[in-house]
Amino acid sequence: MSVVDATLAAGYTVGDFLLVVAAGFVILAIGMLYRAVKGPTMQDRVLAVNVLGTNTVVILAILGAALGEPTFLDIALVYALLNFLMAIAISKFTVERGGVL
Amino acid sequence: MADDGVPGSTGGSVVVPIESTPTLRATVTHLVESAADGEFSAIHFVVFATWRDGDPEAADREASVDRLLERVSTWAEADLADVDEVDVDDVEVVTTVVGGDEYLFGADDYVRELVAYAGDHGIEHVVLDPEYTPVGNTTLLQSLEFALSRTDLVVREAPVARPTRRERLRKEATGIRFAAIFGLSLAFYLALGDPFYPFDVVTGVASATVVAVTLSRVSLDADPSLTRTPIRLLRGAVYVPVLFFEILKSNLVVARVILDPRMPIEPSLNRVRVIVGSGLPITTLANSITLTPGTLTVRARDGDLYVHSLIPWARDGLFDGSLERWTRFVFYGREAARLPTPRERDDVGIFQGPDATEEYPGARADGGSEREGAAVVDGSTADATEADGSEDAEEVTPE
Amino acid sequence: MIDALSPVRLALIVVFGLCGLFFTFVSMAGVLRLPDVYSRAHTASQADTLGAGFTLAAVALAAGWDGAGFKTVLLLFFIFVTNPTAAHAIARAAFEEGIVPWTEGDERR
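Here's a quick rundown of the structure. All figures in this text were calculated on a predicted structure; none of them were measured in a lab. (Residues numbered from 1 in each chain as written. Chains lettered and ligands numbered in written order. Predicted model: local features only at pLDDT ≥ 70, side-chain atom pairs only at ≥ 80, totals over all residues.)

**Topic: the sheet that holds strand E8 (residues 304-309) of chain B**
Now for step 1: Spatially, four strands are ordered E7-E8-E6-E9 (chain B) in an open sheet, and the strand pairing comes out antiparallel. With one partner strand each, in any of the chains shown, strand E7 (295-301) and strand E9 (348-350) of chain B form the two edges of the open sheet. Taken over all neighbouring pairs, the strand axes of this sheet differ in orientation by 20° on average, direction set aside.
Now for step 2: Looking at chain direction, strand E6 (residues 268-273) of chain B and E8 of chain B are connected through six bridges and run antiparallel. Along E8 of chain B, the bridge assignment pairs Asn270 of chain B with Val307 of chain B.
Now for step 3: Contacts between helix H3 (residues 67-97) of chain C and the sheet are confined to E7 and E8 of chain B, with E7 of chain B contributing the most and set at about 65° to the helix. (Pairing = 2+ DSSP bridges. Helix = DSSP H or I, 4+ residues; strand = E, 2+ residues; numbered from the N terminus. Axes fitted to C-alpha atoms, helices over the stretch in contact; angles between N-to-C directions. Contact = placed C-beta atoms within 7 Å.)

Here you go:
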């Protein structure tokens, strides 16, 4: 019996708790989406998308643990690195000189 | 800043005419390294005054030259601290302004002043920054070198790569750098895979080789030291819990500010000059500052960090410089961490808000001028280059 | 694993998970409420990093110390290194674009 299947209280397991946390993250991500759509500047949108990416990584990791899918973690790792590259690349190209980092 | 350089016993003194160029930082490093090798015992950085005392703009230009000289001596100090073999007191660094009582026109005028200065201080050597053009005349260096060759001074140009953007990232390839990158990427690959599965080992070696061949010139700018790196890692391990505690503490403070319905924020952009080496140390410091809530590093320009602070509390914490001391501890050891706070050193400035002490800096103050007009906004008005959306920005949350 | 089900461990998972949710909530509130891109970058980089850190710590505790737990710790490390760097790059791009930070009395934007 793994940790995820351990009972916390009233028949609910750690896995259930993690799924609830993941659901909370999804709701927060929807809030963040407002800023990505609204802007008003390019940097605001990049920032919001970057935060959304971090949230996605966390959600992936939680789901990986809660559903017993260790491969989700590899996806999360790759996603985290891509997310970082995205932020750097867009920051670089919004400045016309291309001199960021 | 002293004005009287007395030539030491070992090696001679060297005079370096400087102005703000992209290669100045590397030139300073080169000089300090030469001095560490025993070539020079004193380095005189001089700036030719291109104004005459009493000119209407003299005070402004003098102030900017003073800032340049101060920056150069900070760099030299930091470089000296980086060199292990040499005692810091053995190398004398002098910064001074030459001229100012008459206008200087051509190369001959500059050389005359330089020779006079060298004669006064018993200096025999001149090292030139390759990008040095004192009056913005691109052909001056040639004739300056020519004019200097007719004097008794020994002249050479600092062997510093000019900042052609493409070349800047490429460093020398050495075996130890290759090995370090190879080992690191192989370890990462095997950590994600299975180190006991032959297929993973073979593909890991192959991809680590590709990474090391392509990136070992780019990723490391100095050979990793076998003695210093483990010590730094160890000291870094001490730093991490401290940093984490700082993050937690100030995150709680900032969370309270953000969740407060009145949202009592008082943002401002600040400048703080830090005394840590370039490269990894300043990156660590800037990232630590960004991680600590309430402060965000916006720009690192030479030794100056432009830091945006959300609340005055965070700004005060920044000016107390505890993160700077920790970074110095991680990279240079315990003795190096004992230094006055930026506030005591007077290395701080506030660009905005009621406590502002300095004018808001332009985005391109050191380079091009295409946004000069927009840059001088004092912070109370939005500037025109901002993205168009300001009119549709509305209250997100009612007060 | 002897202590797999120890109440301390289960309690830590719950506490870390809730802390992670709280700080991510702070981050979202900041990104929505704060007046300009610089101050939004504060919460986006910091509160969010801490929120992600806490949640990933909970995940690592739930996953145990084998491969999955190790990868989670690696992920946590990456986020701690890359998030402030990305925030810095974005803030610097904004600075180079000539966006002046909001100060008291300005219009919100």
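**Things to note about helix H6 (residues 175-192) of chain B**
Residues and elements named next belong to chain B.
Now for step 1: The first and last C-alpha atoms of H6 sit 26 Å apart over 18 residues, in line with the 26 Å expected at 1.5 Å per residue.
Now for step 2: Along H6, the residues that are buried comprise Arg177, Ile181, Ser185 and Leu186. Buried residues of H6, seen end-on, are gathered within an arc of 150° and therefore sit on one face of the element. The outward face of H6, more than 90 degrees from its buried face, is lined by the exposed residues Gly175 and Gly183.
Now for step 3: Packing partners of the buried residues in H6 comprise helix H7 (198-219). (Expected span 1.5 Å × (residues − 1). Buried ≥ 20, exposed ≤ 12 C-beta atoms within 10 Å, placed from the backbone. Arc of directions from axis to C-beta.)

**Digging into the sheet that holds strand E1 (residues 12-17) of chain B**
Residues and elements named next belong to chain B.
Now for step 1: Read from one edge to the other, the open sheet built from five strands follows the order E3-E2-E1-E4-E5, with strand pairing classed as parallel. Because the sheet does not close on itself, it has two edges, and the strands there are strand E3 (92-99) and strand E5 (154-157). Going from strand to strand, the sheet's axes swing by 25° on average, the running direction of each strand aside.
Now for step 2: When E1 meets strand E4 (residues 125-128), the two strands line up parallel, connected through two bridges. Residue pairing in the sheet places Val14 in a bridge with His125 of E4.
Now for step 3: Taken strand by strand, helix H1 (residues 24-36) contacts E1, strand E2 (40-49) and E4, and its axis lies near 155° from that of E2.
Now for step 4: Lying on the sheet, helix H3 (residues 107-121) is in contact with E1, E2, E3 and E4; it crosses E1 at an angle near 155°.

**A look at the interface of chain C and chain A**
Now for step 1: Opposite the 46 residues of chain C that make contact, chain A presents 45 residues.
Now for step 2: Going through the elements one at a time, helix H1 (7-33), helix H2 (37-63) and H3 of chain C are the ones with two or more residues in the side of chain C that touches chain A.
Now for step 3: Tallied by class, residues from the side of chain C that touches chain A come to 29 nonpolar, 10 polar and seven charged. (Nonpolar A, V, L, I, M, F, W, Y, C, P; charged D, E, K, R; others polar.)

**Overview of the packing of helix H2 (residues 42-66) of chain A against helix H3 (residues 71-94) of chain A**
Residue and element names in this part refer to chain A.
Now for step 1: Contact geometry for H2 and H3: axes closest at 8 Å, N-to-C directions at 175°. Looking at the two axes, H2 sits roughly antiparallel to H3. For the pair H2 and H3, contact is made by Met42, Val46, Asn50, Gly53, Thr54, Thr56, Val57, Leu60, Ala61, Leu63 and Gly64 and by Phe72, Leu73, Ile75, Ala76, Tyr79, Ala80, Asn83, Met86, Ala87, Ile90, Ser91 and Thr94, respectively.
Now for step 2: Looking at the contact of H2 with H3 residue by residue, the class counts come to 15 nonpolar, eight polar and no charged. (Parallel < 35°, antiparallel > 145°, perpendicular 65-115°, else oblique.)

Remember, this is a structural readout, not a statement about activity or role.
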